[in-house]
Amino acid sequence: MGEEYKIKGMSEEELLDLAELFKMFADSTRIKILYDLFDGEKNVTEICEDIEMNQSAVSHQLRALKTGSLVKSRRDGKAIYYSLDDDHVKTIIAMGKEHIEE
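The rules behind each value
- Chains are numbered independently. Their residues run from 1 in the order of the written sequence.
- At least 70 in pLDDT is required for a residue's local features to be given in this predicted model, at least 80 for side-chain atom pairs to be given and counted, and no such filter applies to totals for whole chains, interfaces and linings, which use all residues.
- Side-chain calculation: all heavy atoms of the structure are included, whereas hydrogens and water are not.
- Axis angles are defined between N-to-C directions and span 0 to 180 degrees, where every axis is a line fitted to C-alpha atoms and, for a helix, only to the segment in contact.
- In DSSP terms, a helix is any run of H or I states spanning at least four residues, a strand is any run of E spanning at least two, and both are numbered starting from the N terminus.
- Every angle not falling under 35 degrees, over 145, or within 65 to 115 is termed oblique; those three ranges are roughly parallel, roughly antiparallel and roughly perpendicular.
- Put simply, a crossing is left-handed when the front helix is turned counterclockwise from the back one by less than a right angle, and right-handed when it is turned clockwise.
- By definition in these notes, contact holds between two residues if any of their heavy atoms fall within 4.5 Å.
- Polar here means any residue other than Ala, Val, Leu, Ile, Met, Phe, Trp, Tyr, Cys and Pro, which are nonpolar, and Asp, Glu, Lys and Arg, which are charged; Gly is therefore polar.
- Only strands that DSSP links by at least two bridges are regarded as paired with each other.

Asker: How do you make sense of the packing of helix H3 (residues 44–51) against helix H4 (residues 55–67) when you look at a structure like this?
Answerer: Each pair of packed helices can be summarised by the angle the axes make with each other and by the distance between the axes. Look at H3 against H4: their axes get within 9 Å of each other, and the N-to-C directions meet at 110°. Between H3 and H4, the crossing angle belongs to the class labelled roughly perpendicular. In this structure, the crossing between H3 and H4 has a hand that is right-handed. Residues Val44, Ile47, Cys48 and Ile51 of H3 touch H4, and the partners they reach there are Gln55, Val58, Ser59 and Leu62. Across the contact of H3 with H4, the residue classes tally to 6 nonpolar, 2 polar and no charged.

What follows is the structure in structure tokens.
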């Protein structure tokens with residue numbers, strides 16, 4: 001009975017982690033930010049201007065995206081620059097876009 005649930009080689013923990021990952025893509029503001037970062041790293045001010053949102057809202061979503069390992073940041077003096085964590089983020093979005101266009 002105490003056996004861990006597995007489906008096609010995935011543990012319960014992996015399934016929960018996958019569900020959490022997909023939740024990160026469930027917010028249109030986060031998708032806008034990720035798309036904006038396709039071109040390379042940007043600071044919060046640049047992201048706000050590009051997606052026409054206030055700094056508070058963008059900063060809140062960037063924290064969530066960073067916690068979800070979808071974006072990374074680096075400090076340069078007082079400025080913090082954000083970029084996609086890796087190419088997997090682009091691939092996931094591209095595959096989702098392809099799916100909805102079918």
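Next comes the rest of the write-up.
Asker: For this particular structure, what's the right way to read the pairing of strand S4 (residues 71–76)?
Answerer: Each regular strand carries side chains that alternate between the two faces of the sheet. Inspection of the sheet shows S4 paired to strand S5 (residues 79–84) by 6 bridges, in the antiparallel sense. In the strand pairing of S5, serine 73 is matched with tyrosine 82. The hairpin formed by S4 and S5 contains 2 residues between the paired strands, and glycine 77 there has a positive phi angle of roughly 70°.

Interpretation note: all reported values are geometric properties and have no functional meaning in isolation.
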